[in-house]
Amino acid sequence: MPSSSASTSAAEAKPAGGGVQSLERAFDLLERMADAGGEVGLSELSASSGLPLPTIHRLMRTLVACGYVRQQPNRRYALGPRLIRLGESASRLLGTWARPFLARLVEETGETANMALLDGDEIVYVAQVPSRHAVRMFTEVGRRVLPHSTGVGKALLADHPPEEVRALLGRTGMPAATEKTLTDPDRFLEALAEVRRLGYAVDDNEQEIGVRCLAVPVPNSPTSAAISISGPTGRVSEAATEKIVPVLQDVAAQLSVALASQTPA
């Protein structure tokens, strides 16, 4: 007959949902670390997750041994380098799945279409389909930017609690890319409120003078994702916005369904 401790371990390993509880908890801790900017202390993880410190310490020891977490000299824990390969592979696959949807955006709007993710405190572009216009915007896939100066950044942060947004801005700062860039946290939070009201975000010469971008989040995406179109301000005008935004929202909804089913379009 197994001991009571063995029975308890078996029960913990197979929760009612059919998953492996230790794995679920480990991934939850990794996501909480990412949400906190990539570095946390055990007490912070315990407070946010509700797990006891001994459980968190055991899980973190395993993640450190596997290279997915590293312990800092100050005894805090940071996301480890081994996650980079996984993240890069997942981002490439996500970008591959998104390209047919971005191609539809280009077909219907005439402008360059992008997909971007919120990766820690930064925005990373994972897919792009360029416009066929001679004058067009180009953002290199893999490029990283700060969220406060981009339409996709606003779209991705709009539903985050204000205190989380302020903490992110405190970590990254709000350097001005152009004279139009928002550099005050209060004004940025006001812009996010406008995104929630309108259902889309605008970068109006804030990342690059002469360029206007419209962006919407991908609903229910497995990771925070947004799609956008960008083009010269003369083409992406206020009048064009009324026609482009419904297309963006429709494509985002279709992409959401495709990602949920884990099959390409």
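Just above, that's the structure.
This report concerns the structure included in the present document.

Let us look at the overall build of the chain. Helix and strand counts for the chain come out as nine helices and nine strands. Within the chain, the proportion of its 265 residues that are buried is 42%. Contacts spanning at least 24 positions in sequence make up 57% of the contacts within the chain whose residues lie at least 6 apart. Here the chain has roughly 13900 Å² of accessible surface; of this, 54% comes from carbon and sulfur atoms.

On to the packing of helix α2 (residues 21–35) against helix α4 (residues 53–66), then. Following both chains from N to C, one finds α2 and α4 inclined at 85°, their axes separated by 10 Å at the closest point. Considering the angle they form, α2 stands roughly perpendicular to α4. Residues S22, R25, A26, L29, L30 and M33 of α2 lie in contact with α4, whose contacting residues are T55, I56, L59, M60 and L63. By residue class, the composition of the contact of α2 with α4 is eight nonpolar, two polar and one charged.

Time to look at α4. For α4, with 14 residues, the first-to-last C-alpha span of 20 Å sits near the 20 Å given by 1.5 Å per residue. When α4 is considered as a whole, its buried residues turn out to be T55, I56, L59, M60 and L63. Taken around the axis of α4, the buried residues stretch over an arc of 125°, which confines them to a single face. Across α4 from its buried face, at more than 90 degrees, point the exposed residues P54 and A65. Looking at the buried residues of α4, the elements they touch are α2, α3 (42–49), β2 (69–71) and β3 (77–79). In the segment just after α4, G67 is the residue with positive phi, at about 90°.

For the coordinates displayed, the defined rule picks out 15 salt bridges. One salt bridge in this structure joins R76 and E39, with 3.2 Å as the shortest N-O distance. Taken together, the positions of R76 in the loop between β2 and β3 and E39 in strand β1 (residues 39–40) put the pair 37 residues apart, joining distant regions of the chain. You can call R76 partly exposed: its relative accessible area is 26%. The exposure class assigned to E39 is partly exposed, which follows from its relative accessible area of 27%. Between K154 and E206 there is a salt bridge; the shortest N-O distance is 2.8 Å.

Considering the arrangement of structural elements, one finds N205 in the loop between β7 (201–204) and β8 (211–217). Separated by 55 residues in sequence, N205 and T150 place their C-alpha atoms 9.3 Å apart. When sequence neighbours within four positions are dropped, the list of residues in contact with N205 reads T178, K180, G210, V211 and T233. Polar contacts involving the side chain of N205 include one to the side chain of D204, which spans 2.7 Å.

Together, E31, D35, E163 and E164 give the surface a local cluster of negative charge. Contributing elements (two or more residues each) for the negative patch: α2 and α7 (162–172).

If you trace the three strands from one edge of the open sheet to the other, you get β1-β3-β2, paired in antiparallel fashion. A single partner strand is all that each edge strand has here, and the edge strands are β1 and β2. Contacts between α4 and the sheet are confined to β2 and β3, with β2 contributing the most and set at about 105° to the helix.

Here strand β9 (residues 225–232) lies mainly inside the structure; eight of its eight residues are buried. Bridging between strand β4 (residues 112–119) and β9 involves six bridges; their strand directions are antiparallel. For L117, the partnering residue across the bridge sits in β9 and is A225. Here seven bridges tie β8 to β9, and the two strands are oriented antiparallel to one another. Bridged to L214 within β9 is I229.

Okay, the pairing of strand β5 (residues 122–129) next. In terms of burial, β5 is largely enclosed, as seven of its eight residues are buried. Turn length for the β4-β5 hairpin, with the two strands adjacent in sequence and antiparallel, is two residues, and the turn residue G120 shows positive phi of about 65°.

How each quantity is defined
- Chains are numbered independently. Their residues run from 1 in the order of the written sequence.
- Selection of residues for local features in this predicted model requires a pLDDT of at least 70, selection of side-chain atom pairs for listing and counting requires 80 or more, and totals for whole chains, interfaces and linings are taken over all residues.
- Derived side-chain values reflect all non-hydrogen atoms in the structure, with water molecules and hydrogen atoms excluded from consideration.
- Note on conventions: DSSP H or I runs of at least 4 residues are helices, E runs of at least 2 residues are strands, and numbering of each starts at the N terminus.
- When a residue's accessible area, from a 1.4 Å probe over protein chains only, is under 20% of the maximum for its type it is buried; when over 50% it is exposed; and in between it is partly exposed.
- In this description, contact between two residues means that some pair of their heavy atoms is separated by no more than 4.5 Å.
- Accessible surface is estimated by sampling points in the Shrake-Rupley manner with a 1.4 Å probe; for residues, cover comes only from the protein chains shown.
- Interaxial angles span 0 to 180 degrees and are taken between N-to-C directions of axes, which are lines fitted to C-alpha atoms, for helices over the stretch in contact.
- The scheme is simple: roughly parallel for angles under 35 degrees, roughly antiparallel for over 145, roughly perpendicular for 65 to 115, oblique for anything else.
- All amino acids are sorted into three groups, where Ala, Val, Leu, Ile, Met, Phe, Trp, Tyr, Cys and Pro are nonpolar, Asp, Glu, Lys and Arg are charged, and the leftover types, Gly among them, are polar.
- Take the residue count of a helix, subtract one, and multiply by 1.5 Å to get its expected span.
- Arc definition: it is the arc formed by the directions from the helix axis to the C-beta atoms.
- Any carboxyl oxygen of Asp or Glu within 4 Å of a side-chain nitrogen of Lys or Arg constitutes a salt bridge here.
- Polar contacts here mean pairs of N or O atoms no more than 3.5 Å apart (in protein, one a potential hydrogen donor and the other a potential acceptor; neighbouring residues in sequence count only if both atoms are side-chain atoms).
- To count toward a patch, a residue needs a relative accessible area above 30% and no salt bridge. Like charges then connect within 9 Å, nonpolar side chains (Val, Leu, Ile, Met, Phe, Trp, Tyr) within 5 Å.
- Charge convention: Lys and Arg are scored as positive, Asp and Glu as negative, and His as well as the terminal groups of each chain are ignored.
- Note on charges: their place is set at NZ of Lys, CZ of Arg, CG of Asp or CD of Glu.
- Paired strands, in this sense, are two strands between which DSSP finds at least two bridges.

So yeah, pure geometry; function would need other evidence.
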